[in-house]
Amino acid sequence: MKTVLPLGLYLHIPFCKAKCIYCDFYSLPHAEDRMDAYTDALCAHLTEAAPNAASHTVDTIYFGGGTPSYLGEKRLCKILKTVQKRHHISRDAEITLEANPDSAGDWKALRALRRCGFNRISLGMQSACNEELCAIGRVHTVEQVQQAVEAARKAKIKNVSLDLIYGLPHQTAEHWMENLAAAVALAPEHLSCYGLKVEERTPLYAVRDSAGLPGDEEQADMYLQTVEFLKQYGYEQYEISNFAKPGRESRHNLKYWKLQEYAGFGPGAHSDFGGVRYAYEKDLDAYIAAAHGGQFRFSENTVIPPRDRDVEWVMLGARLISGLDPKDYEAQFRRRFDPIFLPFLQKCVAAGYAVSENGVWHLTPKGFLVSNQIIGGLLDAQAAEKQRRADAAARGDFRVNLDCPAAKRHCRSYERMIFYVRLYAGAVGPAVLLLLLLRLGLGILLCLRQAASLGEPRLSPWAAAADLWLRGHHHSVCHPAGGGQLLAGLFSGYAGRYGAGICGRRRNGAAFQGPLLGLQQPAL
């Protein structure tokens, strides 16, 4: 059966009516005269790139900005129809439109968008206080937020998200909770609550000392109150800043945090596709020219082998309530989780910053407040383990640390293997015992090849072979239904369970055409 590869598309719409004082996204106010040219360029790029994603099925599409709703429903539908025509779209695809309330109040326009395929709308509410909205340069009013939500419901859009910001100038905890209550009263399916971040090269940065911004402790209190308040109304936290009704999490944004593939289009858009992270330069005119036969320019273009994504795995996974799964880490990166991270995570547990549930680690709301420091500690532990392995390899020191839990487990496996070999020698005779020994020899060879990719100290080949052998198909030897099953059990374990991962590794070095870049990249 052919494997379906999911793909998310991000389409950047870099137009807005006015720039907010805190915004550092690539957006252009007063550029309405270039909207048509940009729409044509975006459609041309989507058409050109489609063959490179022929093996993928698009299951999320996100129109972000800027203010995508400011582009108008006709241009938006033209772009979405191009995607639908050129790409494979799943029937249950999540298709999101970011919108400002002042340009999303026409229910007939929203109905046209819904009929075209948009099924989710994310409204930039930010506050339920007109004075706060004015202070940060927002062009809409509280009344327009209410009208936009009503228009979306009338247009039969069943998935509405609201964005809010806490820590605004002169905002108190009481005012913030009033904003949050007003948002919940509108009954959205999803809420994003962000702490105000003062970015350099923004108007807010220039007046940050006199803007009356709440301090870190005040913002922390607002955040913890938010988590508790939203939980009472059925909004479960699934990421540091995101809350949703059951089943209404942003599927597109989860791709970013779970290291899934997505392709971005438009100036400033980022992608993670085909093992490459890349981003287009933030230049509207250059992008339009490139889409019509020119050369795209990139501000980032980095090939990242799968085994080198362990840093991203930690950084992004720690943001989620689904957290860090040791089994997933060990399967992807061939290194033991507990020896690297457990000592630090136990300190986090003692401080109330992290918990382990069903074997998976995640941060608590209190831990999310200091997530940068916690992520830094996890990355330091990971870097220290990598350095230890590099130093040991440089010395040629592959001795086993017998205090290591993995080493103890292997030694126990060795003892169990000896027991079973003696048992089989008396129970099944020398012929079957010979087959067992042949299988053991194969296990030693495989373990020697596997040792370089293991994150724990290199173990004795006999101990490692014993462990692999006992995790293979010895159960079919102990309880054979017949001679055929017995022989299959003897030889299927390594070839079926370990062969693909150890001997069947794909080779690097071959080149193929980059997915959306037109660049040569190493094959995965």
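From a predicted model like this one, the values you see are computed outputs, not experimental measurements.

> Please explain the overall build of the chain as it appears in this structure.
Across its full length, the chain carries 20 helices and 18 strands. Relative to its 524 residues, the chain shows a buried fraction of 48%. At a minimum sequence separation of 6, the contacts of the chain that also span at least 24 residues come to 70%. For the chain, the computed accessible surface area is about 25,300 Å², with 54% contributed by carbon and sulfur atoms.

> Would you mind showing me how to read the packing of helix H6 (residues 173-185) against helix H8 (residues 216-232) here?
To characterise two packed helices, one gives the angle between the axes of the helices and the distance between these axes. Two numbers describe how H6 lies on H8: the axes approach to 11 Å, and their chain directions differ by 30°. The orientation of H6 relative to H8 falls into the category roughly parallel. The interaxial crossing formed by H6 with H8 has right-handed handedness. Of the residues in H8, those in contact with Ala173, Trp176, Met177, Leu180, Ala181 and Val184 of H6 are Met222, Gln225, Thr226, Phe229 and Leu230. Its residues assigned to classes, the contact of H6 with H8 shows nine nonpolar, two polar and no charged.

> In this structure, what is going on with empty space enclosed by the protein? I would like to understand it.
One simple way to see leftover space: roll a probe sized like a water molecule over the atoms. Scanning the entire structure with this criterion turns up five cavities of 30 Å³ or more. Per element, the largest residue contribution to the lining of the largest cavity is three residues, and it comes from helix H10 (residues 284-291). The class makeup of the residues in the lining of the largest cavity is five nonpolar, one polar and three charged.

> How should the environment of Ile121 be read in this particular structure?
Note that Ile121 resides in strand E6 (residues 120-126). Assessed through its relative accessible area of 1%, Ile121 is described here as buried. Ignoring anything within four residues of it in the chain, the contact list for Ile121 reads Leu97, Ala99, Ala104, Leu110, Ala152, Ile157, Asn159, Val160 and Ser161.

> Explain the pattern of salt bridges to me, please; I cannot follow it from the model alone.
Pairs may arise between side chains of opposite charge once their charged atoms sit close together. For the structure on display, the rule yields 18 salt bridges. The closest approach of N and O atoms between Asp283 and Arg297, which form a salt bridge, is 3.6 Å. Highlighted residues: Asp283 in the loop between strand E13 (276-280) and H10 and Arg297 in the loop between H10 and strand E14 (298-303), separated in sequence by 14 residues.

> What's the story with the packing of aromatic side chains in this structure? I'm lost.
For any pair of aromatic rings, the description rests on two quantities: the centre-to-centre distance and the angle between the ring planes. As enumerated under the stated definition, the model contains 21 aromatic pairs in all. Measuring from ring centre to ring centre gives 6.0 Å for Tyr278 and Tyr280, while their planes differ by 85°; the resulting arrangement is edge-to-face. Of the two residues, Tyr278 and Tyr280, both sit in the buried class. Ring plane angle 85° and centroid distance 6.0 Å describe the contact between Tyr278 and Phe298, whose orientation is recorded as edge-to-face. Here Tyr278 is found in strand E13, whereas its partner Phe298 is found in strand E14, with 20 residues between them in sequence. Taken together through their ring pairs, the aromatic side chains of Phe15, Tyr38, Tyr278, Tyr280, Tyr287, Phe296 and Phe298 make up a single cluster. One cation-aromatic arrangement involves Arg208 over Tyr205; the distance from NZ or CZ to the ring centre is 3.9 Å. Against the face of Tyr235 rests Lys245, its NZ or CZ located 4.5 Å from the ring centre.

> How should I be thinking about the pairing of strand E9 (residues 236-239) in this particular structure?
For a regular strand, the rule is simple: side chains alternate between the two faces of the sheet. In the sheet, E9 pairs with strand E10 (residues 242-244) via three bridges, with the strands oriented antiparallel. Looking across to E10, one finds that Glu239 is bridged to Asn242. Where E9 folds back on E10, the antiparallel hairpin that results is connected by two residues.

> Sorry, what's going on with the environment of Glu218 here?
Secondary-structure assignment places Glu218 in helix H8. On the basis of relative accessibility, which here comes to 44%, the residue Glu218 falls in the partly exposed class. Considered as a pair, Glu218 and Ala173 are 45 residues apart in the sequence and their alpha carbons are 7.3 Å apart.

Cut-offs and rules
Starting afresh in each chain, residues are numbered from 1 along the sequence in its written order. The predicted nature of this model means local features are confined to residues of pLDDT at least 70 and side-chain atom pairs, given and counted, to a pLDDT of 80 or more, with totals for whole chains, interfaces and linings taken over all residues. Where side-chain values are given, they derive from all heavy atoms of the structure, hydrogens and water being excluded. In this text, helices come from DSSP runs of H or I with a minimum length of four residues, and strands from runs of E with a minimum of two, each type numbered from the N-terminal end. The buried label applies to any residue whose accessible area, calculated with a 1.4 Å probe on protein chains only, is under 20% of its type's maximum; exposed applies above 50%, and partly exposed to all values in between. We call two residues in contact when some of their heavy atoms are within 4.5 Å. Where accessible areas are quoted, they stem from the Shrake-Rupley method and a 1.4 Å probe; at the residue level, only the protein chains shown are allowed to cover. The axes used here are C-alpha line fits, helices contributing only the stretch in contact, and every angle between their N-to-C directions lies in the interval 0 to 180 degrees. In what follows, roughly perpendicular refers to angles from 65 to 115 degrees, roughly parallel to angles under 35, roughly antiparallel to angles over 145, and oblique to any angle outside these ranges. Helix crossings get a hand from a simple test, with the near helix turned counterclockwise from the far one by less than a right angle marking a left-handed crossing and a clockwise turn marking a right-handed one. Amino acids outside the nonpolar list (Ala, Val, Leu, Ile, Met, Phe, Trp, Tyr, Cys, Pro) and the charged list (Asp, Glu, Lys, Arg) are all regarded as polar, and Gly is one of them. Of the grid points, spaced at 1 Å and generated over the protein atoms alone, those admitting a 1.4 Å probe that cannot get out make up cavities, while open sets with protein on both sides within 12 Å along at least five of seven lines make up pockets; any residue with an atom within 4 Å of a point is treated as lining. Grid points are joined across faces, edges and corners, and a volume is the space filled by probe spheres set on the points. We define a salt bridge as a side-chain nitrogen of Lys or Arg found within 4 Å of a carboxyl oxygen belonging to Asp or Glu. In summary, the pairing rule links any two rings of Phe, Tyr or Trp, Trp by its six-membered ring, whose centres are within 6.5 Å, and it sorts them by plane angle into stacked for under 30 degrees, edge-to-face for over 60 and tilted for everything else. Criterion for a charge above a ring: Arg CZ or Lys NZ at most 6 Å from the ring centre, at most 35 degrees from the ring normal. One bridge is not enough; two strands pair if DSSP finds at least two bridges between them.

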